[in-house]
Amino acid sequence: MKKTLDKGKKKRVHLMKTLACAGLILAGAGCVNACASASSDESETVGTSASSDESETVGTSALSDESETASTSASSDENETVSTYALSDESETALTLPEELAAQIARLDGFEAETETETETETETETETETETEAVDENEQALQEFLRTIRLGEDFQIPMAMPEVWGTLPGPVTYSCGSLSIGRAERVHPWEKEKTIEELEALVQAELDSYDGTWSVYVKNLNTDESFVINDQPMKSASVMKLFIMGTVYTAFEEGELEHTDEIMSLVNAMISYSDNTSSNQLLYILGDSSYADGIAKVNAFIQSHGYSEMTVEYNGFSNSATNTGNGINQVAAKDVGQLLEDIYRRTWMSRAVSNEMEEMLLDQHTRYKIPAGLPDDVLCANKTGEMSDTQNDAAIIYSDACDYILVVLSNGWSSTDTAITRIGNLSALVYEYLN
């Protein structure tokens, strides 16, 4: 089966050559625009293929006086080397390029000429046909990458719409979710609006303004260290308090007050990943040397010693009157919860191995219908929830493509539990979409 050059492909090759010429002119080559084509029937159009036996192949050089020059190189006394491309019979306008750029355009000529002369006479199997198609696709991709490289460099990304005037590419982004990426500074196009943490805070506040009940939200971009908290006040903790019990247990391990046994770790895992109340109360009892009150006192000592605010306090255990001290309802501040999650993330007060262990339990959280519900399925989320009859909370470390960040949402006093759960997911989606 005879294989001839795809006309569409030839047009794309010529079009890319024309674009390369135009791009080189705009980049400052100082050349004259010579991309004109003859409109008469007698003129030969550059960039099209001959379809009959009588048509002449474009891109070859003439050897006689009557031949039309397609590409010549002239040298003057001043040793200035140029490359000339005649575009038609009737047009005498030519494109003059420096030697280096002329060589780059010549590479395109070689690519086209080599492709145009390629033929096959043997019968091809289906596998061979697929292999050739892949090779053609690779050639086209290589050519596109080459054109982009000689136009604006390897790091440039071609936008959907070009600005009217090409200027110097902007410098490093002052705020961007991914501004700390390793290897090179992130860049933005001049027509894109730069995102700020203040704008995200305003968006979250506007969303909260439409909600009933009391809400407190904390957000921190772990790449830029920028953060905000809305309605920073004590909130009912529900099971979010179990994060601070976990911190107390690991501190007891570190200080030698408690042995790191499989039994203890089984209780901690059940408390965090499954939010089991019985396991939580048992840990308080162990921490307090067979006293719930003393165990609760150790949790509050941990909170104070690690710099969390006075708004975060544990008064009781969970769903067991024997654990109640009678002093009040457990409460937390959104920023304190976020700081504890950041301590785990940054491994600041525990060893890396211990922090990894805590992080794994959070990643294995089985209650996933709040903050995780607002994220794409492939985004990792290490979270701890809390809920009571009038309270819906969730606190999470989110590991997204653009950046890692912390989101804490605490709420109570609303009229509908289902609506509150949905709204936590909506807030999660809003923050994720803005940062990504």
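Just so we're clear, the structure is a prediction, and the values are computed from it rather than from any experiment.

Help me get a handle on the overall build of the chain, residues and values and all.
When helices and strands are counted, the chain shows 11 helices and 9 strands. Sorting the 436 residues of the chain into buried and exposed places 42% on the buried side. Counted over contacts in the chain with a minimum sequence separation of 6, partners at least 24 positions apart contribute 60%. With the model as given, the accessible surface of the chain reaches about 23500 Å², and the carbon-plus-sulfur share is 47%.

Tell me what's going on with the sheet that holds strand β3 (residues 214-221), and back it up with residues and numbers.
Read across the open sheet, the 5 strands follow the order β4-β3-β9-β8-β7; overall the sheet is antiparallel. Both outer strands of the open sheet, β4 (227-230) and β7 (380-388), are each paired with one neighbouring strand and no more. The mean angle between the axes of side-by-side strands here comes to 5°, regardless of whether they run parallel or antiparallel. Relative to strand β9 (residues 404-412), strand β8 (residues 391-399) runs antiparallel, the two being bridged by 9 bridges. Residue D394 lies in a different strand from β9, and its bridge partner there is V409. Each of β3, β8 and β9 touches helix α9 (residues 334-346); the most contacted strand, β9, lies at about 150° to it.

Pulling in residues and values, what's your account of the pattern of salt bridges?
One pass over the structure, following the stated rule, counts 9 salt bridges. In this structure, E342 engages R346 in a salt bridge whose closest nitrogen and oxygen atoms are separated by 2.7 Å. Here the residue E342 and the residue R346 both occupy positions in helix α9, the gap between them amounting to 4 residues, near one helical turn. Relative accessible area serves as the criterion here: at 33%, R346 is assigned to the partly exposed category. Salt bridges linked by common partners bring K220, D225, E342 and R346 together as one network.

The rules we used
- Residues numbered from 1 in each chain as written.
- Predicted model: local features only at pLDDT ≥ 70, side-chain atom pairs only at ≥ 80, totals over all residues.
- Heavy atoms only, no water.
- Helix = DSSP H or I, 4+ residues; strand = E, 2+ residues; numbered from the N terminus.
- Buried < 20%, exposed > 50% of the residue type's maximum accessible area, 1.4 Å probe, protein only.
- Contact = heavy atoms within 4.5 Å.
- Areas by Shrake-Rupley, 256 points an atom, 1.4 Å probe, with all protein chains shown as cover.
- Pairing = 2+ DSSP bridges.
- Axes fitted to C-alpha atoms, helices over the stretch in contact; angles between N-to-C directions.
- Salt bridge = Lys/Arg side-chain N within 4 Å of Asp/Glu carboxyl O.

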